[in-house]
Amino acid sequence: MRLIAIILFSVMWKSIFPQNDPYLDARNRMVDEQISGRGITDNKTLMAMRKVQRHLFVPEEYKSQAYNDYPLPIGYGQTISQPYIVAYMTETVIPEKNKTALEIGTGSGYQAAVLAEIVDSVYTIEIVPELADESAARLKMLGYSNIKVKSGDGYNGWPEHAPFDIILVTAAAGEIPKPLINQLAENGRLVIPVGETGAVQELILLVKKKGKIEKKRLTFVRFVPFKRD
Ligand code: SAH
C-alpha cells in the first residue's frame, strides 16, 4: 500500500514538475569530479557552477560534450573556456554579493553568467559583434538582468561603470592593459592570462592595495588571443 502511494506520488510529482534539465546529473558530476575534485573550495563558486547550464552556452552539435573537461568552439574562431578554468578564475577573484565585475571577452556569456549568480552586477565586453549580440540575447533569455553586454574592444575597459571589484580578462594579452588596472577598485582583483598567443600563457592576479598593485603568478593556461580593433 505504502509502495503504491510512493509510486503514485512520484508520477504526480514528475507530471507537475517535469525534468526540464536532461544534463543535471552530468553537470553535478562535472562539479564533483573536475571542479571540487580538483581543489576548488569556494561554496559560492561551486553553487554557481552547479546552477548555470553550460549546455545552453554551446552550439547545438556540442551540447552532449558541454560538461566535459575541455574548451569547446563557439564559432568565429573563439572558444568557451574549460569548466575548471572558469571555476578557478571565479574563485580567485573572491566573488561576493555586493561586488561589481568587469569581464573582457564575453564569448558565449558563460563566465559572465557564473559571476552574475554571485555578484551584484557584471559588465562584459566582446570584440566580435556577432558573439556580443548572441550572448546578450542568450543572457536576457535566461533572465540575467544584472549583466550588461557591450560590443567593442575591451582594452579601455568600461570607465562609466568603474571602479570594479573584479576584472576578468578571458583572452590572452601580451601585456596587462593599463586602463584596466586604473579601473580596479581598492582591494579589487584582476585576473588575466599574459603571454604569447598560440603558446602557453601565465595566469596573473593583480590586487590593488592602498593604490599599489601586488602581482601574483598563478598557473599556466591557454587562451585565444586578446585582439585590438
Ligand atoms: N569568457 C568566454 C570565453 C571567452 S573566449 C566564455 O565564457 O565563453 C575569449 C573572447 O574574447 C572571444 O570571444 C574573443 O572574441 C574576445 N576578445 C578578444 N579580444 C578582445 C578585446 N580586445 N575586447 C573584447 N573581447 C575580446
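Residues numbered from 1 in each chain as written. Predicted model: local features only at pLDDT ≥ 70, side-chain atom pairs only at ≥ 80, totals over all residues. Heavy atoms only, no water.

Chemist: Run through the overall build of the protein, naming residues and quoting values.
Modeler: Looking only at helices and strands, the protein has 7 helices and 9 strands in total. Each of the 229 residues in the protein was classed as buried or not, and the buried ones make up 50%. Across the protein, every contact between residues at least 6 apart in sequence was considered, and the portion connecting residues at least 24 apart equals 54%. Looking at the protein as shown, the accessible area adds up to about 11900 Å², and 54% of this sits on carbon and sulfur atoms. Averaging the locations of the 28 positively and 26 negatively charged side chains of the protein gives two centres separated by 5 Å. (Helix = DSSP H or I, 4+ residues; strand = E, 2+ residues; numbered from the N terminus. Buried < 20%, exposed > 50% of the residue type's maximum accessible area, 1.4 Å probe, protein only. Contact = heavy atoms within 4.5 Å. Areas by Shrake-Rupley, 256 points an atom, 1.4 Å probe, with all protein chains shown as cover. Lys, Arg positive; Asp, Glu negative; His and termini not counted. Charge placed at Lys NZ, Arg CZ, Asp CG, Glu CD.)

Chemist: Break down the nonpolar core for me, with residues and values.
Modeler: Counting 46 residues, the largest nonpolar core has Ile35, Met49, Tyr110 and Val122 as the members making the most contacts within it. Where this core is concerned, the elements lending two or more residues are helix H2 (24-35), helix H3 (43-51), strand S1 (72-75), helix H4 (83-92), helix H5 (110-116), helix H6 (129-141), strand S6 (164-169) and strand S8 (201-209). Excluding residues that lie within four positions of it along the chain, Val122 makes contacts with Ala101, Ala112, Leu115, Ala116, Asn146, Ile147 and Lys148. Listed in part, the 21 residues of the second largest apolar core include Ile104, Ile176, Leu184 and Leu206. (Core = buried A, V, L, I, M, F, W, Y, C linked by side-chain atoms within 4.5 Å.)

Chemist: Explain the pattern of salt bridges to me, and be specific about the residues and the numbers.
Modeler: This model, assessed by the stated rule, comprises 9 salt bridges. When the shortest N-O distance is used, the salt bridge between Arg27 and Asp21 registers 2.4 Å. You'll find Arg27 and Asp21 in the same group, each marked buried. One salt bridge in this structure joins Arg38 and Asp69, with 3.0 Å as the shortest N-O distance. Taken as a pair, Arg38 in the loop between H2 and H3 and Asp69 in the loop between H3 and S1 lie far apart in primary sequence, 31 residues in all. The class for Arg38 is partly exposed, based on a relative accessible area of 37%. (Salt bridge = Lys/Arg side-chain N within 4 Å of Asp/Glu carboxyl O.)

Chemist: So what's going on with the packing of aromatic side chains? Residues and values would help.
Modeler: In the structure shown here, the tally under the stated rule is 5 aromatic pairs. For the pair Phe57 and Tyr110, a centre-to-centre distance of 5.6 Å together with 70° between the ring planes defines the contact as edge-to-face. Of this pair, Phe57 sits in the loop between H3 and S1 while Tyr110 is found in helix H5, placing the two residues 53 residues apart along the sequence. A relative accessible area of 1% places Tyr110 in the buried class. An aromatic cluster is built from Tyr123, Trp158 and Phe164, whose rings are joined through pairwise contacts. Seen from the ring of Tyr110, Arg54 lies directly overhead, with NZ or CZ sitting 5.7 Å from the centre. In this structure, Arg228 packs its charged tip against the face of Tyr155, placed 3.9 Å from the ring centre. (Phe/Tyr/Trp six-rings, centres within 6.5 Å; stacked < 30°, edge-to-face > 60°. Lys NZ or Arg CZ within 6 Å of the ring centre and 35° of its normal.)

Chemist: Would you mind going over a nonpolar patch on the surface in detail, with residue names and values included?
Modeler: Taken together, Leu3, Ile7 and Val11 make up a surface patch of nonpolar side chains, about 300 Å² in accessible area. Within the secondary structure layout, Leu3 lies in helix H1 (residues 2-16). Overall, the relative accessible area of 59% leaves Leu3 in the exposed class. (Patch = residues over 30% accessible without salt bridge, like charges linked within 9 Å, V, L, I, M, F, W, Y side chains within 5 Å.)

Chemist: Would you mind going over the site of the ligand in detail, with residue names and values included?
Modeler: Within the structure, the ligand sits among 27 residues, and Ser108, Glu126, Asp153, Gly154 and Lys227 are positioned closest to it. In the model, an oxygen atom of the ligand is placed 2.6 Å from a nitrogen or oxygen of the Ser108 side chain. Measuring from a nitrogen atom of the ligand, one finds a backbone N or O atom of Lys227 at 2.6 Å. Contributing elements (two or more residues each) for the shell around the ligand: strand S2 (78-80), strand S3 (100-104), H5 and strand S4 (121-126). Top element by residues in the shell around the ligand is S2. It accounts for 3 residues. Looking at the shell around the ligand, its residues break down into 11 nonpolar, 12 polar and 4 charged. (Near = heavy atom within 4 Å. Polar contact = N/O pair within 3.5 Å; in protein donor to acceptor, adjacent residues only side chain to side chain. Nonpolar A, V, L, I, M, F, W, Y, C, P; charged D, E, K, R; others polar.)

Chemist: Would you mind going over the sheet that holds strand S7 (residues 184-194) in detail, with residue names and values included?
Modeler: A sheet is described by the order of its strands in space; here 7 strands give the open sequence S5-S4-S3-S6-S7-S8-S9, paired in mixed fashion. Each edge of the open sheet carries a strand with a single partner, namely strand S5 (147-151) and strand S9 (212-221). Adjacent strand axes in the sheet meet at a mean angle of 15° when their direction is disregarded. Of the strands in this sheet, S6, S7, S8 and S9 are in contact with H4, which crosses S9 at around 165°. Relative to S5, H6 is tilted by about 165°, and along the sheet it contacts S4 and S5. (Pairing = 2+ DSSP bridges. Axes fitted to C-alpha atoms, helices over the stretch in contact; angles between N-to-C directions.)

Taken by themselves, the reported measurements are silent on function.
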